[in-house]
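Structural overview for review
One letter stands for each residue in the lines below.
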Amino acid sequence: MTRTVLVTGGTSGIGRAIAARFAADQAEVLITGRNPDTVEAAARELGVHGAVCDATDTVQVAELAARLDEVDVLINAAGGLSQPVGDGTSLDEVLALWHANLAQNLLSAVLTTASVQDRLTRDSSVVSIGSIGAERRGGSYGAAKAALGAWNATLSAELAPAGVTCNIISAGYIAGTNFFRGGLSDERRRALVEETHNKRPGTVDDIAQTAHFLASPGARHITGQTVHVNGGAFTTR
Ligand SMILES: NC(=O)c1ccc[n+]([C@@H]2O[C@H](COP(=O)([O-])OP(=O)(O)OC[C@H]3O[C@@H](n4cnc5c(N)ncnc54)[C@H](OP(=O)(O)O)[C@@H]3O)[C@@H](O)[C@H]2O)c1
C-alpha cells in the first residue's frame, strides 16, 4: 500500500533526508518550506511533491491540509534558531525573540498536526523533530523544543486510541544542514563533537532512519516518547 507522507521543512537538512528515505519506499511524499524556489528545486531533485507553506501561518496551513485526503505519516521537521532582534535587551526585542522561536519550533508542529488530525489514518505516525537544546543551554529555542515534548505527550494520549503513534526525535548536533546558517565556528563544532561518546557529528541520515523506524510496523507500541539521537552527548535513565 502506498503511504502518504507529509514532511514540513522538507527542502533542506533533516526534513529533506527524511523525505528522501520515504521516497525510496515509493511513498507519496509532499514536502513544504517557505521559499518557492527551494521547494520547487528540492521536490524536483527528490522526485516528490512540493508545496509552499509557512507552518506558522494558519491560512497557509489550512490551505495545505485541504489538498490532502489522507495522511499516513506526518513529519514535523520545520524549525530553526531565531536570532535576537537588535541587541535583544528591550522588552519588545525579548518578546519578538520568544515569539519567533515558539512559532517556528512549537506552533509549526501544533498547527500542522491540528490541520491534518482528522486525515490521519489508522496505524499512522506523527514524528516531530526536537532538540538536545530542550535539555540544556536552550534559551527560547530550547524552551520551544521542550514544550514540543509536553505537547507530544498529550497528543499521544489523544490519538493512540485511534491507532496513531506520536513521538519526538530529539536530535543532537547534526552536520549537513542549514541550521547554523554558516555561523558555527570550527571551535564550537569540535566542542559539540567532543561531547558525544562516539566522537562524531550526527548525520541527517541518522535522523531519517530513526523517523522511518518510528513510522514502521515494528514501532507501533512506541508512542508519547522522546527518542534521543545524539551519539551519547545527552544520556537518559
Ligand atoms: N541541525 C542540527 O544540528 C539540529 C539539531 C537539533 C534539532 N534540529 C531541528 O531539526 C529540524 C530541521 O532543521 P535542520 O537542521 O534540517 O535545518 P535546515 O537545514 O535549516 O532545515 C530547516 C527546514 O525547515 C524549513 N522551515 C523553517 N521554518 C519553517 C516554517 N515556518 N514553515 C515551513 N518550513 C520552515 C526550512 O525551509 P525555509 O527556511 O525555506 O522555510 C527548511 O526546509 C528543526 O526543527 C531543527 O530545530 C536541528
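If you're wondering where the values come from, they're calculated on a predicted model, not measured in any experiment.

About the thresholds
- Residues numbered from 1 in each chain as written.
- Predicted model: local features only at pLDDT ≥ 70, side-chain atom pairs only at ≥ 80, totals over all residues.
- Heavy atoms only, no water.
- Pairing = 2+ DSSP bridges.
- Helix = DSSP H or I, 4+ residues; strand = E, 2+ residues; numbered from the N terminus.
- Axes fitted to C-alpha atoms, helices over the stretch in contact; angles between N-to-C directions.
- Contact = heavy atoms within 4.5 Å.
- UniProt positions renumbered as here; feature names shortened; annotations may be inferred.

A look at the sheet that holds strand β6 (residues 165-171)
Ordered by their spatial adjacency, seven strands build an open sheet running β3-β2-β1-β4-β5-β6-β7, and the pairing between neighbours is parallel. Each edge of the open sheet is held by one strand with a lone partner, namely β3 (49-52) and β7 (225-229). Ignoring strand direction, the axes of neighbouring strands in this sheet form an average angle of 20 degrees. Bridge analysis of β6 against β7 gives five bridges, and the strand direction is parallel. Residue pairing for β7: Ile169 is matched across the bridge by Val227. Each of β1 (4-8), β2 (28-33), β4 (71-76) and β5 (120-131) is contacted by helix α1 (residues 13-23), which is oriented at about 170 degrees to β2, the strand it contacts most. Across the sheet, helix α5 (residues 139-159) is in contact with β4, β5, β6 and β7; its angle to β5 comes to roughly 165 degrees.

Points about the UniProt feature "domain: Ketoreductase" (unreviewed entry) in the protein
Following the UniProt record, one finds the feature "domain: Ketoreductase" (unreviewed entry) at residues 3-177. Split by type, residues 3-177 is 45% helix and 23% strand. Its first and last C-alpha atoms lie 26 Å apart.

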